[in-house]
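In case you want the letters, here they are:
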Protein chains: 2
Amino acid sequence: MVRWGQFQMDVVKRRRKIREYLREANAAVFLVLDVDTIRYLTGFSGSDAVLLIAREEWGEDLFLCDSRYTFQAREEVQKSTVREYRKKLDGIKDALEAAGVRDVAIEAHIVTLAFFEKLRESLPEVHLVPLNQSLAGIRALKEPSELTFIREAIRVASESFQEVLPRIAAGAEERQIAVELEYAMRRRGAQRTGFDTIVASGDRSALPHWTAGRRKLRPGDLVVVDFGASVNGYNSDETCTMVVGRPSEEQEKIHAVVLEAQKRAMHAIRPGVPLAQIDSIARNTIQEAGYGAYFGHGLGHGVGMNVHEEPQLTPDVEGTIEEGMVFTVEPGIYIPGWGGVRLEHMVAVTAEGCEILTYLPKSLISC
Amino acid sequence: MVRWGQFQMDVVKRRRKIREYLREANAAVFLVLDVDTIRYLTGFSGSDAVLLIAREEWGEDLFLCDSRYTFQAREEVQKSTVREYRKKLDGIKDALEAAGVRDVAIEAHIVTLAFFEKLRESLPEVHLVPLNQSLAGIRALKEPSELTFIREAIRVASESFQEVLPRIAAGAEERQIAVELEYAMRRRGAQRTGFDTIVASGDRSALPHWTAGRRKLRPGDLVVVDFGASVNGYNSDETCTMVVGRPSEEQEKIHAVVLEAQKRAMHAIRPGVPLAQIDSIARNTIQEAGYGAYFGHGLGHGVGMNVHEEPQLTPDVEGTIEEGMVFTVEPGIYIPGWGGVRLEHMVAVTAEGCEILTYLPKSLISC
């Protein structure tokens, strides 16, 4: 497990990156409002707070919260002065006025237009500098301690899946399988599921974002199970496809195409390769097999404190793969009325390629 | 249960209110991006889409989504033309350009600054009109069919609590209680929990936003359990406080103060009364008893498709109570190091007062 001293060192390193970023953006302070990013930079696991990180260190960075969270903040928050506010906007105003700063960076993809307007009204002297995806880029590169947390989330999810697997059989209801899987993850230490569990059977398996309904599994059904655990603030996200009873030739064929697409994509992953290229390797494999019209979503997405974070693997995304990225590789073929197959594994980018973190079976499981 | 025809009639009525709102705001189209509001106005239960509602009806309103959701949208979405996009921004742009509209209302408390900037760049001809809390105000007034859904969520949560109650006893771990309660709610039909279940025991009960940890219940502990089910898109949110074994005199006294604060506040609820007044009735009761310093949060909040929505009941909120509002009344006393008591009931405002929806025991339960 990750030790506490390690976390404190990580926090110092992360904030150093933020300070570099502030120098580039020419801002004196970073006003952090995203709770996941606040957790990343302090250790605070509550759901409402403000963090102010100064480019030139002010002694300590400032963590602000209301009275509901003060005790928790004093226990959890690392390397920051904890201060209580009655109203968030006033807390921010007081802190920035006391510091006398003018240029304040904010997270453009987090702050709502309404809150932005309130900040502007309440701080007429301050120049707000919207930053795009900056912290998301930093958070995309996982440190070894974060990989440990992600592995733990994957372990919880995978063991839970193994436990529930015998219950995935003809006659079982989609939502009953989802409920049991979530219960198994919670019992093993998940704080919650990362997202609503998907158990999509029969023709529903052709719907990539179906959740789990009242339908009962029947012989011959494809069953797509997409699930994730959130443990210590980090997520897993993986998908298995099964068939109830003996797979048909067509089911086997389509499964083999999806598996081949996933393998080829994973094989090409290494630092320096464009993200879009990995998507297109999988997409071309599916297209060559004649199923190009049935793969409508991106190939993958980063996973960490959020289930969906940077990087995105889509046909027209910019940017390249970097060591430390953790993302899903999840090609699929979805044929309306017939069914779908999706295989989703998580990988961590290493210096020379990638490590497959998921240890679920890749074969078309008969259940 | 709510019948489908009823839902369609509700949808027509809700959109009529939106169109009135658009006339006041002098906008031709409402660009709805909040998925809860989209569900409210269409029935769509997926997690990503766009809805365009025109002030002057265009034939039908436009529902836009990507290919992951098209099938689901065609099954679920009422009273709209469903159209698929590859990229959200392009889908919006194409629809607005085809309609030739200039003034487009957006939800200022939902749209992020980054997305707002992208909209502006991609639609230079369009004038974006940010609306504050407009739909929130409409959604705050529940229709009879919505009350049926909320009652159902409360029933699921309450029966689950009754099931788990015997397990809340000395030796049980906080998180184990939370896991069992969530499992019970899921089995009874909850799609998910509305929020992370709180089981806060001993000194942790003094932390209003503690979740549930590894602590085991001990004789004499106060135990605050705050939980909610999400059923058919509607939430419940309720809190019980228990004591392990026999309550002490001080525990009984503080419980009685909180109960009295809640009773007096509920008694004063009726249309036309300022929201802030209800908060202050409870707050004064606690203050008069000498515990004013130990009630740090607002008295309540609206509950519906979101666990926290309009109205807010806080000391300085504006606005008055209206018939059809559904909100929590949740006074508490939290003494650091000693423990806390919170009682949270949901109420629905009627023509003359309020109906208490929660049917959990109000007394200090010994467990």
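Residues numbered from 1 in each chain as written. Chains lettered and ligands numbered in written order. Predicted model: local features only at pLDDT ≥ 70, side-chain atom pairs only at ≥ 80, totals over all residues. Heavy atoms only, no water.

(A) Summary view of the domain arrangement of chain A. All names here are of chain A. Split by domain assignment, chain A resolves into domain 1 (4-139) and domain 2 (141-366). In this structure, domain 1 and domain 2 have C-alpha centres spaced 34 Å apart. Contact with domain 1, which involves twelve residues of that partner, is made by twelve residues of domain 2. Between the two partners, domain 1 and domain 2, sit three salt bridges. The partner of R139 in a salt bridge is E309, and the shortest N-O contact between them spans 3.2 Å. In this assembly, domain 1 and domain 2 are joined by six residue pairs in polar contact (both at pLDDT 80 or more). Counted by class, the side of domain 1 that touches domain 2 contains three nonpolar, three polar and six charged residues. (Domains from an automatic or database assignment. Contact = heavy atoms within 4.5 Å. Salt bridge = Lys/Arg side-chain N within 4 Å of Asp/Glu carboxyl O. Polar contact = N/O pair within 3.5 Å; in protein donor to acceptor, adjacent residues only side chain to side chain. Nonpolar A, V, L, I, M, F, W, Y, C, P; charged D, E, K, R; others polar.)

(B) View of the packing of aromatic side chains. By the definition in use, this model includes nine aromatic pairs over all chains. Arranged with centres 5.6 Å apart and planes meeting at 85°, the rings of F44(A) and Y69(A) form a pair that is edge-to-face. Here Y69(A) lies in the loop between strand 3 (61-65) and helix 3 (70-76) and F44(A) lies in the loop between helix 2 (35-42) and strand 2 (50-54), a separation of 25 residues in the sequence. Taken as a pair, F44(A) and Y69(A) share a single burial class, namely buried. Summarising the aromatic geometry, the rings of F149(B) and Y234(B) are spaced 5.4 Å apart at their centres and angled 10° between planes, so their arrangement reads as stacked. In this pair, F149(B) is assigned in helix 7 (residues 144-164) and Y234(B) in strand 11 (residues 234-235), connecting sequence segments 85 residues apart. We note that F149(B), like Y234(B), is buried. Among the aromatic residues, those joined into a cluster by ring pairs are F44(A), F63(A) and Y69(A). Taking the ring centre of Y40(A) as reference, the NZ or CZ of R14(A) above it sits at 4.1 Å. The positively charged end of R187(B) is found above the aromatic ring belonging to Y183(B), 4.5 Å away from the centroid. (Phe/Tyr/Trp six-rings, centres within 6.5 Å; stacked < 30°, edge-to-face > 60°. Helix = DSSP H or I, 4+ residues; strand = E, 2+ residues; numbered from the N terminus. Buried < 20%, exposed > 50% of the residue type's maximum accessible area, 1.4 Å probe, protein only. Lys NZ or Arg CZ within 6 Å of the ring centre and 35° of its normal.)

(C) Expanded view of unusual backbone geometry. The omega angle of the peptide bond from E310(A) to P311(A) is 0°, so this bond is cis rather than trans. Note that P311(A) resides in strand 14 (residues 309-313). Phi at N232(B) takes a positive value of approximately 50°, unusual for a residue other than glycine. The residue N232(B) is located in the loop between strand 10 (229-231) and strand 11 in this model.

(D) The packing of helix 9 (residues 249-268) of chain B against helix 10 (residues 275-288) of chain B, seen in detail. Residue and element names in this part refer to chain B. The geometry of helix 9 relative to helix 10 is characterised by a closest axis approach of 8 Å and an angle of 155° between their N-to-C directions. It follows that helix 9 is roughly antiparallel to helix 10 by the angle criterion. Two packed elements cross with a definite hand, and for helix 9 against helix 10 that hand is right-handed. Contacts between helix 9 and helix 10 involve V257, E260, A261, R264, A265 and A268 from the first element and I278, I281, A282, T285, I286 and E288 from the second. Partitioning the contact of helix 9 with helix 10 into residue classes produces eight nonpolar, one polar and three charged. (Axes fitted to C-alpha atoms, helices over the stretch in contact; angles between N-to-C directions. Parallel < 35°, antiparallel > 145°, perpendicular 65-115°, else oblique. Left-handed = near helix turned anticlockwise from the far one by under 90°.)

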